[in-house]
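Analysis of the macromolecular model
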Amino acid sequence: MRFDVFILGAGVAGCSLAEASLRRGFKTGIFDPKSPGSGASGAPIVITNIATGRRARRVNRADECLHTLHRTLQWAQEHSEPPFFKQTDVLRPAFTDAIADDFRASLHKYEWKSTELEWIDRASFAKQYPWIGSHEGGLRIRGGFTIDAPLFLKAVINASKRMGLHTYFHQTIHNIEKRGAGDGSNSRGTMEEGQYYGNPERKNKFRQLLRPRHMSTNRAKSHTVIQFTDGSQVEARHVIYAAGAGMKSYPIWNFLPLSYLKGELLEMQLREPMPAEFAFSGIGYVASDPSDPRRVITGSTFEREYDSLNPTTDGHARLRKIFRRLLPGFSENVESETGWAGVRVSLPDYQPVVGEHPEWTGHWVFTGLGSKGMLMSPYLAMQLIDVIAANDD
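Keep in mind that what you see is a predicted model, and the values were worked out from it rather than measured.

The rules behind each value
- Residues numbered from 1 in each chain as written.
- Predicted model: local features only at pLDDT ≥ 70, side-chain atom pairs only at ≥ 80, totals over all residues.
- Heavy atoms only, no water.
- Phe/Tyr/Trp six-rings, centres within 6.5 Å; stacked < 30°, edge-to-face > 60°.
- Helix = DSSP H or I, 4+ residues; strand = E, 2+ residues; numbered from the N terminus.
- Buried < 20%, exposed > 50% of the residue type's maximum accessible area, 1.4 Å probe, protein only.
- Pairing = 2+ DSSP bridges.
- Expected span 1.5 Å × (residues − 1).
- Bend = angle between axes of the 7 residues up to and from the residue.
- Axes fitted to C-alpha atoms, helices over the stretch in contact; angles between N-to-C directions.
- Left-handed = near helix turned anticlockwise from the far one by under 90°.
- Contact = heavy atoms within 4.5 Å.
- Nonpolar A, V, L, I, M, F, W, Y, C, P; charged D, E, K, R; others polar.
- Salt bridge = Lys/Arg side-chain N within 4 Å of Asp/Glu carboxyl O.
- Core = buried A, V, L, I, M, F, W, Y, C linked by side-chain atoms within 4.5 Å.
- Parallel < 35°, antiparallel > 145°, perpendicular 65-115°, else oblique.

Let's talk about the packing of aromatic side chains
- All told, the structure shown has 18 aromatic pairs when counted by the stated rule.
- Aromatic pair Tyr241 and Trp253: ring centres 5.6 Å apart, planes at 70 degrees, arrangement edge-to-face. Of this pair, Tyr241 sits in strand S14 (residues 233-241) while Trp253 sits in the loop between S14 and strand S15 (259-270), placing them 12 residues apart in sequence.
- Looking at Trp253, the relative accessible area reads 2%, which means it is buried.

Regarding the pairing of strand S18 (residues 292-299)
- Note: S15 against S18, 5 bridges, orientation antiparallel. Counterpart to Met268 in the pairing with S18 is Val296.
- Examined bridge by bridge, strand S17 (residues 285-289) and S18 share 5 bridges and lie antiparallel to one another. When the sheet's bridge partners are listed, Tyr285 is paired in S18 with Gly299.
- Taken together, S17 and the strand that follows it, S18, pair antiparallel across an intervening segment of 2 residues.

Things to note about helix H8 (residues 373-392)
- An ideal rise of 1.5 Å per residue puts 28 Å on 20 residues; H8 measures up with 27 Å between its terminal C-alpha atoms.
- In the structure, H8 departs most strongly from a straight axis at Tyr379, where the bend amounts to approximately 25 degrees.
- Taking burial as the measure, the 20 residues of H8 include 15 buried ones, the bulk of the element.

Concerning the packing of helix H1 (residues 12-23) against H8
- Their axes nearest at 8 Å, the elements H1 and H8 cross at an angle of 40 degrees. Relative to H8, the crossing made by H1 is right-handed. When H1 is examined against H8, the residues Val12, Ala13, Ser16, Leu17, Ala20 and Ser21 are found in contact with a partner set consisting of Gly373, Met374, Ser377, Pro378, Ala381, Met382, Leu384 and Ile385.
- Split by residue class, the contact of H1 with H8 holds 10 nonpolar, 4 polar and no charged.

Section: the pattern of salt bridges
- The full count for this structure, using the stated rule, is 23 salt bridges.
- A salt bridge links Asp63 to Arg58; its shortest N-O distance comes to 2.9 Å.
- Among the residues examined, Asp63 registers a relative accessible area of 29% and is labelled partly exposed.
- The class of Arg58 is buried, set by a relative accessible area of 17%.

Observations concerning H1
- Taking 1.5 Å of rise per residue, 12 residues should cover 16 Å, and H1 covers 17 Å from first to last C-alpha, within 8% of that figure.
- Summarising burial for H1: 11 of the 12 residues are buried, a large majority.
- Where H1 ends, the next residue or the one after it, Gly25, has phi of about 85 degrees, a positive value.

A short note on unusual backbone geometry
- For the peptide bond that leads from Gly299 to Ser300, omega is -15 degrees, which places it in the cis range.
- Of note, Ser300 is situated in the loop between S18 and helix H7 (313-326).

Re the nonpolar core
- Core analysis: the largest hydrophobic core is formed by 73 residues, its most contacted members being Ile147, Ile240 and Phe366.
- Leave out the neighbours within four places in its chain, and Ile147 touches Pro44, Ile45, Val46, Thr48, Leu69, Leu73, Phe84, Phe85, Phe152, Pro290 and Met374.
- Membership of the second largest hydrophobic core comes to 27 residues, among which are Ile176, Tyr241, Tyr260 and Leu347.

So, the packing of helix H2 (residues 62-77) against H8
- Relative orientation of the contacting elements H2 and H8 amounts to 90 degrees, with a least axis distance of 8 Å. Classified by the angle between their axes, H2 and H8 sit roughly perpendicular to one another. For the pair formed by H2 and H8, the contact residues are Glu64, Cys65, Leu66, Thr68, Leu69, Arg71 and Thr72 on the first element and Met374, Leu375, Met376, Pro378, Tyr379 and Met382 on the second.
- Of the residues in the contact of H2 with H8, the class split is 9 nonpolar, 2 polar and 2 charged.

Structure, rendered in structure tokens:
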């Protein structure tokens, strides 16, 4: 079968790309060696927070990201009976005077809308939110979402299938072969384990090389053949690598300085529901299920070195400490606890990398979104598909 766009990876990034590609009218396929959301995108509950980091920095293009995400959520919800998202404000307590100073400075340092961010002094914050741990005041960040990620991804796939998406799940790729011309010269290559097609001298310039850009409209055409171990194959004009932790399986991207960071979460069942209209972010985060405020997720650990991909006793202990620090008023309200772990991809500057391979025409990367994957993926996916469409015109 031949596709305009074929996507490798069915997490939040890959599913966002599928939606954007279908909306553009492209014949689209998506592959995952397991099932949608089997990696870090399958975290039980995720939140969107546009005031990130210690200094509550405003996420770049926050308006566009939230608007595009909301459109995707509403579209996918039409194809899912259980509700999988809710609009929530994020409360960020300042646990030290220095953090309080940074939070107050954020109000003037970044271009916030008047309705997006509010600093609340210590006394008022304690009066309004008495279950939060000791603090020096805090921020209320409006307009975010809390999302049941597995239900969301299932709904996006179902909605996309109705638009014509072809899915290739629980399969294994044997080989990826580029045929035809690329970058103005005839080329033919295969991507097999151990081979490397990037230029090592370009490693330090990956941001410039992979920035989305409009290519010359008269550049030579090429296509790619993807062969599966069961003997079947597909062809595509464009291949987008959105494989998360699976990016290490595709050696043409070895020149990217990707880091694979393990994060653990703790799923808790409470005896009494926590306030459903809020998520909480401080030394970690706490959020409740959109349809069950007694089901709560606490996250996340941040591990660069790890021996196991499974939840650990140490991670469990650290997450319980985060929950008690953020919400001591609920710390005696826990009935049961279950661990979860996943690996997400990041880069040294913690910014995503999106664009075309410097040597393999028609091969694109979409990775490095880290903890902002849910917030940014729908918007950046739309931008990348627009670039691909412009290149094809």
